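# Chains, contacts and geometry: an overview
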Amino acid sequence: MNGKVVIARVLNSPLIKGFGVTLLGSGTSKVILMLATFIFTHLLSKEDFGNFSFIRNTLNIILCICALNYVGLVTKFTAEFEYKVESKARVVLVFLFSLAVCLVIGLGLVVLPENAMNSILGESSLSKYFRAIGLLLPIFMLQPLIEGLLRGVKLFKLIGILQIVTACLFVVFVVLGTHFFYVDGAVIGLLLYYFLYAAISVYVLKRYTGVFSSFKSIPWRAVKSESTIMWTMILPVFILSFVEAPVNWWLQVLISKYDNIESVGSMSVILQIRNLLIIIPNYFFSTFTTFQASLNAQGHYNKYFDNIVKVFVGCLIVGIMSSVVLSVLGNFILGLYGEYYVSELPAFHVAMAAFPLLLTISLMKTSMLIMERQRILLTTSIIASVLQLLTMYILLSSGVNPVSSFFWSQITYCIVTFIVCVICVLYDKHKYIVKLKTE
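Here the residue numbers are simple positions, counted from 1 along each chain's written sequence. Reporting in this predicted model follows two pLDDT cut-offs: at least 70 for local features of residues, and 80 or more for side-chain atom pairs to be given and counted; totals over whole chains, interfaces and linings ignore these cut-offs and use all residues. Working from all heavy atoms in the structure, the side-chain values ignore hydrogens and water.

### Here we look at the packing of helix H8 (residues 142-152) against helix H9 (residues 156-208)
Each axis is a line fitted through C-alpha atoms, taken for helices only over the stretch in contact, and angles between the N-to-C directions span 0 to 180 degrees. Numbering of helices and strands starts at the N terminus; helices are DSSP runs of H or I of at least 4 residues and strands are runs of E of at least 2. Across the interface, H8 lies against H9 with an axial gap of 8 Å and an inter-helix angle of 155°. In this view, H8 runs roughly antiparallel relative to H9, as classed from their interaxial angle. Between H8 and H9 the crossing geometry is left-handed. Mapping the contact onto sequence places Leu142, Gln143, Ile146, Glu147, Leu149, Leu150 and Arg151 in H8 and Phe156, Ile159, Gln163, Tyr197, Ala198, Ser201, Val202, Val204 and Leu205 in H9. For the contact of H8 with H9, the residue count by class is 11 nonpolar, 3 polar and 2 charged. Any angle that is under 35 degrees is reported as roughly parallel, and any over 145 degrees as roughly antiparallel; angles of 65 to 115 degrees are reported as roughly perpendicular and all others as oblique. A clockwise turn of the near helix away from the far one marks a right-handed crossing, whereas an anticlockwise turn of less than a right angle marks a left-handed crossing. Here, residues are in contact when the closest pair of their heavy atoms is within 4.5 Å. Gly is placed with the polar residues, together with every amino acid not listed as nonpolar (Ala, Val, Leu, Ile, Met, Phe, Trp, Tyr, Cys and Pro) or charged (Asp, Glu, Lys and Arg).

Listed below in structure tokens is the structure:
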């Protein structure tokens, strides 16, 4: 009976319900996107798929700099609306900062001289797409930030529906574009997907929430009074993006230079497989952030850190088991994408070995974000990224396969980040638990 009561409480908890809805909706959309990659690898040659992947990956990196890395902050601040009135002004500041960054980067892509663009990209045929990205970037950035708002107000079902609909549109746009204009059409379909995703997100926010009207009531002086978070929270996240995103992009450039663009496609396939594996945990973490931010805002630190410990142990167990199973099935999984990807099995094993670290790091980063440790994350990222880049150069110079080198360098990054995150979370736990005992 006691066991049944515990199970019933777990299943009926708001956190598990929110996670379940998120998993059903958002998870379905990611499965659709994964299946779409199977289609694209067969519709396009390996070289053309490499070009398409390079554009898509670079766009994701640019969006990380402009918006994606701020989603956690937006979710945290939105979840605190009920307990901290200043959080509304903080959300406004995040949006304004993100828009300013988009305008600067977008303008840079538009006006950059052709020779400079070709020198950076290495392919003259790609420059036109990046100029189009520059023009559309301020629109693209709205989607991830709006999703952060929706998570903060716990509209998980609405987010899932939105992601499923847009994922289906992505498949349709890219397949039709490929059919009529081959790789050019695939890229056009990709850009159209991002544009409509942002436009639909704006409509959903206005139609189903009262966030717009809530922001209209915020006096400008309240926004100015919170401007200090620009230096303590927002700017560190920006610099963090500017460290990690370009480093990851440059690692892809190194792969293509030491081998060829086809290797970028191989790396993208392995990354997608691992990203698919981390989808479910990431959905849990995004839901977890909302509830943990509320606990922190209310000062319920015992419950807060008890949740962290339980989820950490669960992540470690799931990560190790998943890594072993995926490594055993590596030949079969890579073969689904095409027989020429099976040769990257050693790189696949390295990528899977990093999975337990990635899971636990993602969990601890949610706590560091909530506890406003952005400056520590920034310092850690700079050190880890330098060591990651150094590892990549050493391995490539030693003749190690470029794709395997990429994932070995990621393991270096993960180890450094893991150590710092564990120390920081343990310090916060000691600090706040002691604070409770003395009150």
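### Some remarks on the environment of Leu176
Looking at the element boundaries, Leu176 is found in helix H9. Linking Leu176 and Ala186, residues 10 residues apart in sequence, is a C-alpha distance of 7.8 Å.

### Things to note about the packing of aromatic side chains
What characterises a pair of aromatic rings is the spacing of the ring centres plus the angle enclosed by the ring planes. Only the six-membered ring of Trp is used, alongside the rings of Phe and Tyr, when aromatic pairs are assigned; centres must lie within 6.5 Å, and planes under 30 degrees apart are stacked while those over 60 apart are edge-to-face, with the rest tilted. A full pass over the atoms with the stated rule returns 13 aromatic pairs. Ring plane angle 65° and centroid distance 6.2 Å describe the contact between Phe284 and Phe285, whose orientation is recorded as edge-to-face. Throughout this description, buried means an accessible area under 20% of the type-specific maximum (1.4 Å probe, protein chains only), exposed means over 50%, and partly exposed covers the range between. In this structure Phe285 comes out as buried when scored by relative accessible area, which is 4%.

### With respect to the pattern of salt bridges
A carboxyl oxygen of Asp or Glu within 4 Å of a side-chain nitrogen of Lys or Arg is what we treat as a salt bridge. All chains considered together, the criterion is met by 6 salt bridges. The residue Lys76 makes a salt bridge to Glu372 at a minimum N-O spacing of 3.5 Å. Residue Lys76 is found in helix H4 (residues 71-79), and its partner Glu372 is found in the loop between helix H17 (355-370) and helix H18 (374-397); the two are separated by 296 residues along the sequence. Look at Lys76 and you get buried, because its relative accessible area is 0%. Within this structure, Lys76, Glu80, Arg90 and Glu372 form a network of salt bridges that share partners.

### Some details on H18
In an α-helix there are 3.6 residues to a turn, and that puts residues three or four apart on one side. A helix's residues, less one, multiplied by 1.5 Å, set its expected span. For H18, which comprises 24 residues, the first-to-last C-alpha distance of 34 Å matches the rise-based estimate of 34 Å (1.5 Å per residue) to within 8%. Looking one or two residues past H18, Gly399 carries a phi angle of roughly 85°, positive in sign.

### Focus on empty space enclosed by the protein
It is a probe the size of a water molecule, rolled over the atoms, that shows where empty space is left. Cavities and pockets are defined on a 1 Å grid built over the protein atoms alone: a cavity is a set of grid points where a 1.4 Å probe fits but cannot escape, while a pocket is an open set with protein on both sides within 12 Å along at least five of seven lines, and lining residues are those with an atom within 4 Å of any such point. Grid points are joined across faces, edges and corners, and a volume is the space filled by probe spheres set on the points. Counted according to the given criterion, the structure contains 2 cavities of 30 Å³ or more. Leu240, Glu244, Lys365, Leu377, Thr380, Ser381, Tyr413 and Thr417 are the residues that line the second largest cavity. Counting residues per element, the ones that place at least two in the lining of the second largest cavity are helix H12 (229-258), H18 and helix H19 (402-438). Considering every element that reaches the lining of the second largest cavity, the biggest residue donor is H18, with 3 residues.

### So, the side chain of Thr366
Here Thr366 is to be found in helix H17. Ignoring anything within four residues of it in the chain, the contact list for Thr366 reads Phe285, Phe288 and Thr289.

### Structural notes on helix H13 (residues 261-298)
Bend, at a single residue, is the angle you get between axes fitted to the 7 residues ending at that residue and the 7 residues starting at it. Its axis deflected by about 45° at Ile279, H13 carries its strongest bend there, up to four residues before the proline Pro281. Of all 38 residues in H13, 30 are buried; the element is thus mostly enclosed. The first or second residue beyond H13 is Gly299, which carries a positive phi of 80°.

### Structural notes on the environment of Val71
Mapped onto the elements of the fold, Val71 is located in helix H4. Separated by 77 residues in the primary sequence, Val71 and Gly148 place their C-alpha atoms 4.9 Å from one another. With residues up to four places along the chain from it excluded, the contact list for Val71 reads Pro144, Leu145 and Gly148.

### Concerning the nonpolar core
Phe52, Tyr70, Ile133, Phe170, Phe348 and Phe407 are the most contacted members of the largest nonpolar core, which has 130 residues in total. No other element matches the 18 residues that H9 contributes to this core. If we skip the residues at most four places from it in the chain, Phe348 touches Ile270, Ile273, Leu326, Ser327, Gly330, Ile333 and Leu334. Among buried residues, those of type Ala, Val, Leu, Ile, Met, Phe, Trp, Tyr and Cys that are joined through side-chain atoms within 4.5 Å constitute a nonpolar core.

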